[in-house]
Each structure stands twice: as structure tokens, then as C-alpha cells.
Amino acid sequence: MGEWSDKELGLHLPIARRDFIGGVAASAALAAAPKAMAEAAPAAAPTGSADYPPSLTGLRGQYPGSFEAAHMARDGDFNGTLAADDSGEHYDLVIVGGGISGLAAAYFYRQALGDDRKILIIDNHDDFGGHAKRNEFTYEGRKILAYGGTMSIESPFPYSFTSKKLLADLGVDLTSYHRYETKAYDGLGSATFFDKEHFLADKLVTGTGKKPWPQFFAEAPLTGAVRADLTRLYTEKKNYLPDMSPEARAEYLRHISYQDYLVKHVGVLPASLPFFAGHYFRNNKRVDTLPAWEAALGGRMPGFAGMDLPQQITAEAQHFHWPDGNATVARLLVSRLVPGVFPSDKLDQESVVLAPARYAALDNPANPTRIRLSSMVIRAEHIGKPARQTEKAVRVVYVKDGKRVAVTGANCIMACFNMVIPFIVPDLPQTQKDALHYASKVPMQYTNVLLKHWRPWAKLGVKSISAPNGYHIGASLDTPMDIGGYKSALTPDEPVVIHMTRNPNQPGLPRKEQNRLGRAAMLAEDYTTIEREIRSQLQRMLGGAGFNAARDIAAITVNRWPHGYAYTYDTLGDPDVPDELRPHVIGRQTFGRIAIANADASGSAFTNTAIDMGERAVQECLISRGLI
């Protein structure tokens, strides 16, 4: 993309390279899944301590070594009778997936039947939390936190009683957030980076949404026709669907993309559309896959200012953010579930932030609840036909360090990605398998770049940058926090994390297909290419303000999630059917002693629904044993 050499960008500097991948020795990962590893794109391994995964930098998220056995299961390598070493371990409940849904399920199961119940939580990653991932950096003796996945307690819908009660039990007061976000960025605004590949030149234009639109577009590197077109769009108040009632307009807008609406009804020039390519909406919808109705409801997209539309009932959830995002929720859950990992089982929203975690204690045989990491489950099956009094009802096989190991359980909850379940539970009915295969999880990448200072941002007067058509579609200074003894940067001379977001897609195709192709592209990309894109993009955007990628970048953590957030339905690409006929509802049905959780099972990509699905799965486990 850029005109800088790798050396000028700093790719030669040793900030994220070692002969380890994902905190696992390369030889061990290759032994676990030789065929898939041989086919994977090369990746530089993280620096940091493998004994403490949050400190690892480089390529994280779904890193090489964490997913290859799952792909082998998908490809049929584990079909038929599956031999495995019998561990001799038996549990009341085996949970597949150590994200928030799986951890919440363990919490609810203990509430129902007692803290002495034997529970094993198995996860393929080297850290717990699923997408709720904690990133830690250390620079000049200072610990700096960032979120590598799920960002906040938030939702366009209210949290359920179950979710609110769980958070309260964990010591979270949702009304108190205003006490913790600082004013370090007061006075800073937003900017847009226009790239020379899609506009007339590389140029960062500040004042997005604040400057009058005619002034903003006058400063942008646009042709006269595009400048006039975008200025008209953002300033004109006109009803572009005058012959329809408000209700008819709403229905029409539900079934036309925002892009088609802009071109066919607003008269936007095709040459103006690249400006909208950087706008991303919930669940990775873009201008060509977003229903125009959703664009209208959001209130931030142009083209609806002169239009009368039906009023909608709104009731959003309360908001809470931690420096490491919702990894704090996962840490709080683990502090309650597994003694010895954290200093106390009474940590709250403040004391948990800097609390050290002993990962060696997660799988302590002395504890009733254990968490087994770096273990990919490849089979969950019934042992015969269980009756209500059957104790050893389910056999679960996982791969760890290249070996297949089996445990048994009275119940099993599949709290993992739902689309992999048909390959792990092959005895499911075909109708249920088809339903589980329907969704296509959203590929996403959360890149955290530790800068030695943020003087260029202060000089420009910006805290966030939108990048239409960029490798990352946005970059921003991480949320400034003062909570539990942790303090973010207060002045531009202090180190800060830049949070960058990437949602790869293929414009012009249906949304699910765009997700699949974006996922494939992410998995094929090597770390060196990713790092070059990061450095080049920051240099292009900020170089004019004195930024130097080779000099100013201290560390990089790439949280790559090819299988990212849960798929949610929309009115363009999904059939309009009653809720009970939705694929996620059919797919999550209990199968004997095996129940299904995860946010996927709710058709919604939010922490509260992950919690709710964990609680629902526990209830179904109890019913399967005649305990309700």
C-alpha cells in the first residue's frame, strides 16, 4: 500500500517474533495436527510468557495451534469409532468452551446443585474467556491493558434478570461506570483518512461530524462531482420516498440495501460510494448488505432527514467498560469457580482489574471445578442410551499435546461455536445439523498497537480515525480509564494503546458468503503481511503529524478472529419466519444429555445472551436427569 520500505516501517525490529506460536512450542502444535498445520499460513509467534497468556503479543485470538484439530474434525479426519486414552476422570458436567457462556454455565450449575459438583471446562485456546480476551503490555515498567475481543457490557436490548443478577453477584454495579472513564481526551474529535487508491490523494481530514459538511468535503481529496454529491446528501432534507406512508416506507426499507437506496432513490453517484465503504454496522454489515431500515434507525447515516418513519421502542442496556473489555467478566467468573487462580473469591469490578492470575492452578485436581486449556474437543457422544439414573452418560474426547484423551460426564454442555458441533457430535439429527450449519460467524480482527506516546494524535486534535477502504476500517486511542488502581495515559507523552478494527469482506456478495471469504482470507494471511499493513496504515494516516512507525511502535498484538461474533439475522439475507423456526432455535435443542449454549445459540452477539444461553443449557441438563 505505502511507499515505505520494510526497514523504514520497522519490520526489522524484534517486537513480536519468537519460535513459538500461540504460546505453544511449534513442535507440540505440529504434533497435535500435522496436516492442518502444514497447510496453515506461517505466523510469527508471540513474545511474552507462555505461562501467562495475556502477556503474549504477536498473533493472538484464534492463533496457529488453536484451531487445526477443529478443521480436521470438519474435514472428516475423526469420523467413525474414535480411539482415545481413558483418563479415568468422571464429572457431573463437562463443558466444551471456556468463554463467558461456558463459564456462566458452570456458575449456574454450581448454584443449582452445590459448589462441590465436579465440573470440567475444556477450551482449545491457551487462555479462558473466548472472545473476551485480555491483552497486557509492559513498557518501561508500566502495565498497560487492552481488550482483544468483547469490548463492553452493552446491548441494543435490555439485559435479562439472569444476566443482571449474575453481574451483581460478581460485584459489578452497572450504574457506576461514570466514575471510571477519565477526561484525558476531552477536546479531541474524529477524522477520516482518504486513501489515494480510492480518492485523489492520501489525506487525513479532521472534524468528521463536527465541521459543517460543506467545509469537511471541501477539504477532502474528491472530484468536484463527488464533493457536490456528498455535500448534497449530508445537507439536503428531502423525503426520497414521498408516495408511501410511514409504515410502507419502513417495510420497503427493510428489503432494500442502504447502497441500493442511496443509488436508486437518493441519486447518489456510484463514484461517491467509496466514502461509505469504511462504515461498518453491527454484525459486519456494510453499505451493500445493510438493510436501509437499519441505516435509518441508527440516526447517523444520511438520506433520511426529511423522511417521516414510524417510531420504534428503544430500551438499551446499561454500559460498562473495563480496560481489558469483558475479559474482566470472565476473570470474575473464574475467581468464583476455581480456588487458587486469583488472590480472592470475592473480587469485584475494581479489585479484579490488576489481580494476578495463576494459570497453573486452573486444572488443579484438588478443585471441584477445573479448566483445561489448549485442549480441542473432537467428539462428544452418548455411552449407550442413558436413563435418568445413568451417571456415566457422555464420553468427551479432546486432543492435547498431540494425544487423544477421553473423560466422561453425567451431562455435557457444548458452549463452543455452534457451527462446529455437528462435526463433534456426529449422532445429532440431520435437521439439527443443518440448522447449526446455517450461520456464518463474523470474521473480525482487533489489533492493539502500543505506542510510546500519542503526541501526533494530540497535534491533530483527534482520538479516532475512520479509514474508508483501509486494511483496518478504523483506529482510535483506547478508552481512558482510572479503575482499581489502573490508570490509562493522561498526557500525550505517555504510552497508549491504539485499537484498530478490521472486518474483511467481499462487497457485492450475500453477507454470509462475504463472511466465509473474509474468514478464508484471514486464515491465509501470514503475520509479516499483517504487521506490514498495520505499520503502513498508521504511517500513512499519521505521518504528516510526525508519527514514525519504526520509532514510535513499542509492541503489537493482533487478535485475529476468523470465527468472530455470532451471526445475527437481517431482513435482506434471511427468511422471515417465526422465532421458533429460526435455525439457531432448532440448532440448540437438547440432545439426550448434551445441551447447547454460546451466544450463537441466541442468534445474537452479546455478552448477556451468552450468559442467558449458559443458564438455559443448565436448566436443560437438570431436566434431562429428572432434577426439575
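Presented here is an overview of the structure given in this document. (Residues numbered from 1 in each chain as written. Predicted model: local features only at pLDDT ≥ 70, side-chain atom pairs only at ≥ 80, totals over all residues. Heavy atoms only, no water.)

## Quick notes on helix α20 (residues 607-624)
Residues lying three or four places apart along an α-helix face the same way, a consequence of the helix completing one turn every 3.6 residues. Note the cut-off: Counting from the N terminus, the helices are DSSP H or I runs at least four residues long and the strands are E runs at least two residues long. For a helix, the expected span equals 1.5 Å multiplied by the number of residues minus one. Only protein chains enter the accessibility calculation, which uses a 1.4 Å probe; a residue whose area is less than 20% of its type maximum is buried, one above 50% is exposed, and one in between is partly exposed.
For α20, with 18 residues, the first-to-last C-alpha span of 26 Å sits near the 26 Å given by 1.5 Å per residue. The buried fraction of α20 amounts to 15 of the 18 residues, a majority that puts the element mostly inside the structure. Backbone geometry just downstream of α20 places Gly626 in the positive-phi region, at approximately 70°.

## What to know about the pairing of strand β22 (residues 553-565)
Formally: Strands qualify as paired when DSSP identifies two bridges or more between them.
The buried fraction of β22 is high, at 12 of 13 residues. Alignment of strand β3 (residues 58-61) against β22, held across 4 bridges, turns out to be parallel. Looking at β22, one finds that Gly61 is bridged to Arg560. Here strand β16 (residues 442-451) runs beside β22; their pairing, made up of 9 bridges, is antiparallel. Counted as the bridge partner of Val449 is Ile556 from β22.

## So, the nonpolar core
Which entries qualify depends on this criterion: What is meant by a nonpolar core is a set of buried Ala, Val, Leu, Ile, Met, Phe, Trp, Tyr and Cys residues, joined one to another through side-chain atoms within 4.5 Å. Any two residues whose heavy atoms approach within 4.5 Å are treated as being in contact.
If you look at the biggest cluster of nonpolar residues, it comprises 104 residues, and the most contacted ones within it are Ile95, Val396, Ile413 and Met414. For this core, the element with the highest residue contribution is helix α5 (residues 100-113), accounting for 8 residues. With residues up to four places along the chain from it excluded, the contact list for Met414 reads Val96, Ala380, Ile421, Ile424, Val425, Ile594, Ala595, Ile596 and Ala597. Core analysis: the second largest hydrophobic core is formed by 35 residues, Phe194, Leu230, Phe281 and Met301 among them.

## Observations regarding unusual backbone geometry
With a phi close to 50°, Glu140 is a non-glycine residue in the positive phi region. Looking at where Glu140 falls in the secondary structure, it is placed in the loop between β6 (134-139) and β7 (142-147). Overall, Glu140 belongs to the exposed group, its relative accessible area being 72%. Even without a glycine there, the phi angle at Asp401 is positive, about 55°.

## A closer look at the side chain of Lys133
Heads up, the condition is: His residues and chain termini do not enter the charge count, which takes Lys and Arg as positive and Asp and Glu as negative. A side-chain nitrogen of Lys or Arg and a carboxyl oxygen of Asp or Glu constitute a salt bridge if their distance falls within 4 Å. For this analysis, a polar contact is any N or O atom pair within 3.5 Å, provided that within protein one partner can donate a hydrogen and the other can accept it, and provided that sequence-adjacent residues contribute only side-chain to side-chain pairs.
With respect to the helices and strands, Lys133 occurs in the loop between β5 (119-122) and β6. Buried and unpaired, Lys133 has Asp127 as its nearest opposite-charge partner, separated by 4.7 Å. In this structure the side chain of Lys133 is engaged in a polar contact, spanning 3.2 Å, whose partner is the backbone oxygen of Gly130. If sequence neighbours within four positions are ignored, Lys133 has contacts with Asp127, Phe128, Ala146, Tyr147, Gly148, Gly149, Asp324, Ala327, Asn559 and Trp561.

## Brief notes about the packing of aromatic side chains
Counted only if it meets this: Each pair of aromatic rings taken from Phe, Tyr and Trp, with Trp reduced to its six-membered ring, is defined by centres within 6.5 Å and is described as stacked if the planes are under 30 degrees apart, edge-to-face if over 60, and tilted in the remaining cases. Should the NZ of a Lys or the CZ of an Arg lie within 6 Å of a ring centre and within 35 degrees of the ring normal, that charge is described as sitting over the ring.
Scanning the entire structure with this criterion turns up 26 aromatic pairs. Ring geometry for Phe194 against Phe216: centres 6.2 Å apart, planes inclined by 45°, an arrangement best described as tilted. Residue Phe194 is located in strand β9 (residues 189-194), and its partner Phe216 is located in helix α7 (residues 213-219); the two are separated by 22 residues in the primary sequence. Here Phe194 falls in the buried class, since its relative accessible area comes to 0%. Taken together, the ring pairs in this structure connect Phe194, Phe199, Trp213, Phe216, Phe217, Tyr234, Tyr258, Tyr261, Phe275, Phe276 and Phe304 into an aromatic cluster. Above the ring of Trp293, the side-chain terminus of Arg254 is found at 4.7 Å from the ring centroid.

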